[in-house]
Amino acid sequence: HGDPGADLGGTLNLPVAEGVAARVTGYMVSDGGYIDNPLLGEKNINRTRVTGGRATLRFAPGDDWTIDVGGVIQSTHGADSQYADRDAPALTRSSPIAQGFDSLYKLGELVVAKDWGDLRFLSSTGIVGQSLDERYDATQPGDTPRLFTQNNVTRLFSTENRLSRPMIDGWGGVIGATYIDNRSRIARSLGPLDGLAPVTGVVNRGREATVYGELSVQFASWLTATAGGRYTHSRLSGEGR
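Please read all numbers here as calculations on a predicted model, not as lab measurements.

How each quantity is defined
- Residues numbered from 1 in each chain as written.
- Predicted model: local features only at pLDDT ≥ 70, side-chain atom pairs only at ≥ 80, totals over all residues.
- Heavy atoms only, no water.
- Helix = DSSP H or I, 4+ residues; strand = E, 2+ residues; numbered from the N terminus.
- Rg over C-alpha atoms; globule rule 2.2 N^0.38 Å.
- Buried < 20%, exposed > 50% of the residue type's maximum accessible area, 1.4 Å probe, protein only.
- Areas by Shrake-Rupley, 256 points an atom, 1.4 Å probe, with all protein chains shown as cover.
- Salt bridge = Lys/Arg side-chain N within 4 Å of Asp/Glu carboxyl O.
- Polar contact = N/O pair within 3.5 Å; in protein donor to acceptor, adjacent residues only side chain to side chain.
- Contact = heavy atoms within 4.5 Å.
- Phe/Tyr/Trp six-rings, centres within 6.5 Å; stacked < 30°, edge-to-face > 60°.
- Lys NZ or Arg CZ within 6 Å of the ring centre and 35° of its normal.
- Pairing = 2+ DSSP bridges.
- Axes fitted to C-alpha atoms, helices over the stretch in contact; angles between N-to-C directions.

Chemist: Got a minute to help me understand the overall build of the chain in this structure?
Modeler: Each helix and strand in the chain was counted, giving zero helices and ten strands. Its C-alpha atoms give the chain a radius of gyration of 26 Å, more than 25% over the compact-globule value 18 Å for 241 residues. Along the first, second and third principal axes, the C-alpha atoms of the chain reach 80 × 45 × 35 Å. A buried classification covers 24% of the 241 residues belonging to the chain. Taken as a whole, the chain presents about 14,900 Å² of accessible surface, with 57% of it coming from carbon and sulfur.

Written out as structure tokens, the structure reads:
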């Protein structure tokens, strides 16, 4: 029961120049629907399609430096939701409105690493954006079709920078700092198909900054002492709109 699906993907590793290489991946997935809607005379209404790709470019400029620049993008489209009516025949639902969804995810990243003898520096930074649009049937029995929509837009920035040393010559440790900034906005609307009106939404935001460190000393093959600390400052806020 249901439509067929298919998927296709490929990866390319490419030397660009001396000390520069790239990897690119692309893919597409289509999952066939299997829910029927006899009210609208439609079959297999809940097909889902996913398309996306990822690319990373690595630079090795020398002197033990490496730099990775990358990105990810993925789009997901669901033609209708994947539920059936409890008292209806199997895998059927009678709904006057298609309840699909669309999602778009984007990521950019930068990773920088450097070795100085026993010391290693690593910096990792990412920026993420995601949007999600959802549609729900809000029709009451015997009433005209009504639609509820919800749009969720999320943005995230994250970075961590640390300097570390493995346990060599009796001591090792790490020191670093992180920062995260996340914001999410939800907008909603409700009403007949030709007259949607906004309803209460919400905006949430979180920020967090952290510094940390740890030192380990090996006094003997059977005795190692470790001391460390971590300090975090977080702020969360939210408001209705």
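Okay, back to it.
Chemist: How should the pattern of salt bridges be read in this particular structure?
Modeler: It is possible for side chains bearing opposite charge to pair when their charged atoms get close. What the rule picks out here adds up to 15 salt bridges. Of the charged contacts, one joins arginine 54 and glutamate 109 as a salt bridge, the two residues approaching to 3.4 Å between their closest N and O atoms. Of the two residues, arginine 54 is situated in strand β3 (residues 48-62) and glutamate 109 in strand β5 (residues 101-116); the sequence distance between them amounts to 55 residues. Note that arginine 205 and aspartate 181 form a salt bridge whose closest N and O atoms lie 2.8 Å from each other. On the criterion of sequence distance, the pair formed by arginine 205 in strand β9 (residues 197-220) and aspartate 181 in strand β8 (residues 171-192) is long-range, its members being 24 residues apart.

Chemist: Before we go on, may I ask you to explain the side chain of asparagine 37 in this structure?
Modeler: For asparagine 37, the position within the fold is in the loop between β2 (20-31) and β3. Residue classification places asparagine 37 among the buried positions, given a relative accessible area of 1%. At 2.8 Å, the side chain of asparagine 37 and the backbone oxygen of serine 95 are in polar contact. For asparagine 37, the residues in contact, after removing those within four places along its chain, are Glu42, Ile45, Arg93, Ser94 and Ser95.

Chemist: Would you mind going over the packing of aromatic side chains with me for this structure?
Modeler: Enumeration according to the criterion identifies three aromatic pairs in this entry. Ring geometry for tryptophan 65 against tryptophan 116: centres 6.1 Å apart, planes inclined by 80 degrees, an arrangement best described as edge-to-face. Remark: tryptophan 116 occurs in strand β5 and tryptophan 65 occurs in strand β4 (residues 65-78); sequence separation between them is 51 residues. The exposure class assigned to tryptophan 116 is partly exposed, which follows from its relative accessible area of 44%. One Lys or Arg, arginine 93, reaches over the ring of tyrosine 83 and ends 4.4 Å from the middle of that ring. The ring of tryptophan 171 carries arginine 165 above its face, with NZ or CZ at 3.9 Å from the centroid.

Chemist: What is the right way to look at the side chain of glutamine 99 in this model?
Modeler: Its location among the elements puts glutamine 99 in the loop between β4 and β5. With relative accessibility at 6%, the residue glutamine 99 sits in the buried group. At 3.3 Å, the side chain of glutamine 99 forms a polar contact with the side chain of serine 95. Excluding residues that lie within four positions of it along the chain, glutamine 99 makes contacts with Asp80, Ser81, Tyr83, Arg93, Arg135, Tyr136 and Asp137.

Chemist: Help me understand the sheet that holds β8 in this model?
Modeler: Adjacent strands of a sheet form backbone hydrogen bonds with each other and so pair up, either parallel or antiparallel. Across the sheet, ten strands lie side by side as β1-β2-β3-β4-β5-β6-β7-β8-β9-β10; this open sheet has antiparallel pairing. The open sheet is flanked by β1 (6-17) and β10 (223-240), the only strands paired with a single partner. Strand-to-strand, the axes of this sheet are offset by a mean angle of 5 degrees, without reference to chain direction. Bridge analysis of strand β7 (residues 146-168) against β8 gives 21 bridges, and the strand direction is antiparallel. Paired with arginine 165 across the two strands is glycine 173, which belongs to β8.

Chemist: Is there a simple way to explain the pairing of strand β6 (residues 119-137) in this structure?
Modeler: Consecutive residues of a regular strand have side chains that alternate between opposite faces of the sheet. Taken together, the 16 bridges between β5 and β6 define a ladder with antiparallel strand orientation. The residue of β6 that forms the bridge with valine 111 is serine 124. Joining the antiparallel neighbours β5 and β6 is a turn of two residues, in which glycine 117 adopts a positive phi near 60 degrees. The pairing of β6 with β7 spans 18 bridges and is classified as antiparallel. Bridging from a neighbouring strand, tyrosine 136 pairs with phenylalanine 148 of β7.

Read these as geometric descriptors, not functional statements.
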